[in-house]
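Coordinates in review
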Amino acid sequence: MRSARLGLHSLRREWRAGELRVLALALVVAVAAITSVGFFTDRVRVGLERQAGELLAADLRVVGSAPPPEAWAAEGRRRGLAASSYVRFPSVVLAGERAQLVSAKAVAAGYPLRGELRSAATPFAAEEGGGAPAPGTVWAEARLFPLLGIAPGDSVKLGRATLRVARVLTYEPDRGGGFSELAPRLLFNAADLEATALIRPGSRVRYALLAAGEVQAVAGFRRWLKERLGPGMRIEGVRDARPELKSALERAERFLGLAAMVSVILAGVAVALAARRHAERHLDGAAVMRCLGAGQRQVLAIYLWQMVWLGLAACALGAAVGYGAQEGLVRLLGSLVPAGASGALPAPSPWPLLSALVTGMAALLGFALPPLLPLRRVPPARVLRRDLGPAPAGAWWVYGGAVTVLAVLMAWQAGEARLAVLVIGGVAVTLALLVAAAWLLVRALRPLRARVGVSWRWGLANIGRRAGGSVIQVAAFGLGIMALLLLGIVRVDLLEGWRASLPERAPNQFLINIQPDEVAGVARFIHDGGGPQPDFRPMIRGRLVRVNERAVGPDDYQNPRAQRLVAREFNLSWSAALYPGNRIAAGRWWSQGDSPGQFSVESGLAETLGIALGDRLRFRIAGREVEGRVTSLRDLEWGSFQVNFFVAAPPGLLEEYPATYITAFHLPPERRGLLAELVKRYPSVTVIDVEALMAQVRSIIERVSSALEYVFLFTLAAGLTVLYAAIQATSDERMRESALLRTLGADRRRLWGGMVAEFATLGLLAGTVAALAATAVGYGVSLSVFDLPYRPDPLLWLAGPLGGLVGVGAAGLLGVRRVVERPPLATLRR
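This next bit is on the overall build of the protein. Within the protein, the secondary structure is distributed over 25 helices and 22 strands. A burial count over the protein gives 55% of its 830 residues as buried. Once local pairs closer than 6 in sequence are excluded, the contacts in the protein between residues at least 24 apart make up 82%. Surface summary for the protein: the accessible area is close to 35,500 Å², and the carbon and sulfur share equals 58%.

Going through the model one piece at a time under the given rule, you end up with nine aromatic pairs. Relative to W589, the ring of Y579 lies with its centre 6.5 Å away and its plane at 65°, an arrangement referred to as edge-to-face. Here Y579, found in the loop between β15 (570-574) and β16 (582-587), pairs with W589, found in the loop between β16 and β17 (598-602); they are ten residues apart in sequence, far enough to count as distant. For the pair shown, Y579 and W589 are each scored as buried. One aromatic cluster is present, formed by Y579, W589, W590 and F645 through successive ring pairs. Note that K105 overlies the ring of Y86, its terminal NZ or CZ placed 4.3 Å from the centroid. Over the face of the ring belonging to Y171 we find R118, whose NZ or CZ atom lies 4.1 Å from the ring centre.

For the protein, mean pLDDT is 77; residues scoring 70 or higher make up 72% of the total. Confidence drops under a pLDDT of 50 for residues 333-343, and excluding neighbours within four residues, the segment shows 22 contacts in the predicted structure.

The next point concerns the packing of helix α3 (residues 70-78) against helix α6 (residues 215-226). Viewed as axis vectors pointing N to C, α3 and α6 meet at an angle of 155°, and their least axial separation amounts to 10 Å. What the angle tells us is that α3 and α6 run roughly antiparallel. Once α3 is placed against α6, the crossing between them reads as right-handed. Residues W72, E75 and G76 of α3 pack against F221, W224 and L225 of α6. Grouping the constituent residues of the contact of α3 with α6 by class yields four nonpolar, one polar and one charged.

The buried fraction of strand β1 (residues 60-64) amounts to five of the five residues, a majority that puts the element mostly inside the structure. Relative to strand β10 (residues 206-212), β1 runs antiparallel, the two being bridged by five bridges. Paired with V63 across the bridge in β10 is A208. Relative to strand β11 (residues 234-236), β1 is paired through three bridges, and the arrangement is antiparallel. Along β11, the bridge assignment pairs V62 with I235.

One finds L23, F477 and M482 to be the most contacted residues of the largest nonpolar core, which totals 71 residues. Considering each element in turn, this core owes the most residues, twelve residues, to helix α22 (residues 748-784). In this structure F477 touches L723, A726, I727, F759, L762, A766 and V808, once residues within four positions along its chain are discounted. Ranked by size, the runner-up nonpolar core spans 30 residues in total, among them V552, L609, L633 and A649.

Another point: the environment of V626. For V626, the position within the fold is in strand β19 (residues 624-636). With 82 residues separating them in the primary sequence, V626 and L544 have C-alpha atoms 9.9 Å apart.

A rise of 1.5 Å per residue sets the reference length of α6, with its twelve residues, at 16 Å; its end C-alpha atoms lie 17 Å apart and thus fit the reference within 8%. The set of residues buried in α6 consists of A217, V218, G220, F221, W224 and L225. End-on view of α6: buried residues confined to an arc of 165°, all on one side of the axis. When the buried face of α6 is taken as reference, the exposed residues oriented beyond 90 degrees from it are R223 and K226. Buried residues along α6 sit in contact with β1, α3, β10 and β11.

Let us look at the pattern of salt bridges. By the definition in use, this model includes 19 salt bridges. Linking R583 and D635 is a salt bridge whose minimum nitrogen-to-oxygen distance equals 2.7 Å. Of this pair, R583 sits in strand β16 while D635 sits in strand β19, and the two are 52 residues apart along the sequence. Given a relative accessible area of 42%, R583 falls into the partly exposed group. One network of salt bridges, in which partners are shared, links R616, R618, R620, E625 and E627.

Criteria and thresholds
- Residues numbered from 1 in each chain as written.
- Predicted model: local features only at pLDDT ≥ 70, side-chain atom pairs only at ≥ 80, totals over all residues.
- Heavy atoms only, no water.
- Helix = DSSP H or I, 4+ residues; strand = E, 2+ residues; numbered from the N terminus.
- Buried < 20%, exposed > 50% of the residue type's maximum accessible area, 1.4 Å probe, protein only.
- Contact = heavy atoms within 4.5 Å.
- Areas by Shrake-Rupley, 256 points an atom, 1.4 Å probe, with all protein chains shown as cover.
- Phe/Tyr/Trp six-rings, centres within 6.5 Å; stacked < 30°, edge-to-face > 60°.
- Lys NZ or Arg CZ within 6 Å of the ring centre and 35° of its normal.
- pLDDT = per-residue confidence, 0-100.
- Axes fitted to C-alpha atoms, helices over the stretch in contact; angles between N-to-C directions.
- Parallel < 35°, antiparallel > 145°, perpendicular 65-115°, else oblique.
- Left-handed = near helix turned anticlockwise from the far one by under 90°.
- Nonpolar A, V, L, I, M, F, W, Y, C, P; charged D, E, K, R; others polar.
- Pairing = 2+ DSSP bridges.
- Core = buried A, V, L, I, M, F, W, Y, C linked by side-chain atoms within 4.5 Å.
- Expected span 1.5 Å × (residues − 1).
- Arc of directions from axis to C-beta.
- Salt bridge = Lys/Arg side-chain N within 4 Å of Asp/Glu carboxyl O.

Written out as structure tokens, the structure reads:
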């Protein structure tokens, strides 16, 4: 405790003298950057989850073949959640002499909990948002009107109930564009469900309980439900609902995680530089304490406690600044949650604060402790002989521990192991390249100094004379520039690649249930109506019954998704060519002349079901069985909205089985009337509109782009702190050199010229290596983590060297202005 008090006392004294302000500033900015990025990205992540929850109509959904107990909804409300429900079942609706199979859905009060229903007064008229069917009425999809020959206002019979068709149903948040429900939708109020008398034992009914609210409450409710689920029940979140939304959300989190990781890197660099300078300035103080009788352990304890007190204060201040910065940012941005949700970003969780405080203290103690360790061995004779210093301490284990802790925290920030490994590995390789390049520069400048003017000769000589300091500065400048390039330019390239994966004219309409004899007519109708020439693909329904010699069923798997997959039929297809947007992950695609007994399986499905290359799969199709060997695994780009199949076969294996055809194409909004005519001419064709789902994915992309633009400002502040700390690291030595040169007759112009030469050279080297490293890391991240094509922007190779030359040069001159302007006498008297 005595050492703690002495450390606090010395901290107050040195703070008044300005000794610790650089270190404190570096730590405050570092923690503020991490906190603001952490809080903001956490709020944006939760907001994006909530926005994507509109595709589920809730944050959480429990579905099953039996009605969930009333106590479950009551428990959700007790936890502060909103709750609703619906019942969905196939049935036949009657209008006069006509009958049509529909997917009927009875919704309770409050539905939907996320998003909103949209409807129109007449088919394909302008849609309106809000509301729900009132008791005694139904809303019907537009394609149901020509099938039944009805108009809004007419009555239909559903079971024993007669209901009036009030409006045209145009959008359900949780419909999602899936192919599992092919019949037209009929939406009505749950109050009329009993009157229909359609729910009886043995009926094909799906019950759903919906819940929405704060993230922690939803997570707790989910854990509570897991322990009480009955047979045939499952819990779904937004990631379980649609693979397109899952892919978009995962990419959004990776982008935001990349931003957070860059801030952690800059934090460690800035603190390490400032801590090194602080330790070097306390050699004399340690010698005085040794002269006054302090032991080695006490000297180290005093300085260590000084760092602890400084760290606690700076981390608290940095956390407060970071929280205020992200609050101001949220107010400037407004709501990132679209209309229909809560209208504001949700409150952040405490985890980013904990991460920032742990990161700040780990960076401070991990990078400040190695320079402090030699202070205990400072000989007392240094009071008289300034050339005496401590023996070097073998403190690499401390650095290693600090780097390990920061690497773990970076992985936590990233939320993706591959992303963390790539960025941390990229930083390590970049650091090695920078150190090697700096040493080569030191050696290469020796013969060059004789061929330049006086100012440049002195500036280049400074680099060689302070070889160790020059290497550290190049490494710091290079890491800072690399981080800024990675988040500044490479980020733009990755986002552009993400946008390009979902072009403006991506397919937004799917046509399924097209009979073979209707393919030519449907194609001609679409083309003549101003649409594109569609590409039709065969589709066959088949159930997986055997993998190798093992029969498979839902009971053979513990994974709920695997149970659902093997319990239903797959959509199978055949093709000679690899589908667009598909990439072979393992094995090879078939070629002409190969045996037709082959299958290509989507890699995610193969992982879920435990299918490997070489396995033999058997499907039951129309009462017959067909078998083939898995010869390739494919990665699919679900976000492209192209027609994709989990399992594909070569021509010759499936053609003899009954098939329908599917196609996808882009239809502009002004041509929507074409769909009504298509349904009238081809009643069996089912139209699935996925424009709303595409709009959600595009919205996520744009919102992540906006978030990263502002997150970059915090990272830029951290990068500037790195530059400042790197320049200040050698300011004491520069001040003494400047005083001596001024005393010997050098004017300020020559001193400024030498500084320009030194910092411009260091910046040019650091910027060039940083551009190379940012390109390599960006390439690896885009392919391995984001699964996006990457074409480096030529601006990167201009911004790196030029930014280093001009940026570091200008920052260096501003940082050493006090060195040049200080009177020589004031320095020499110290």
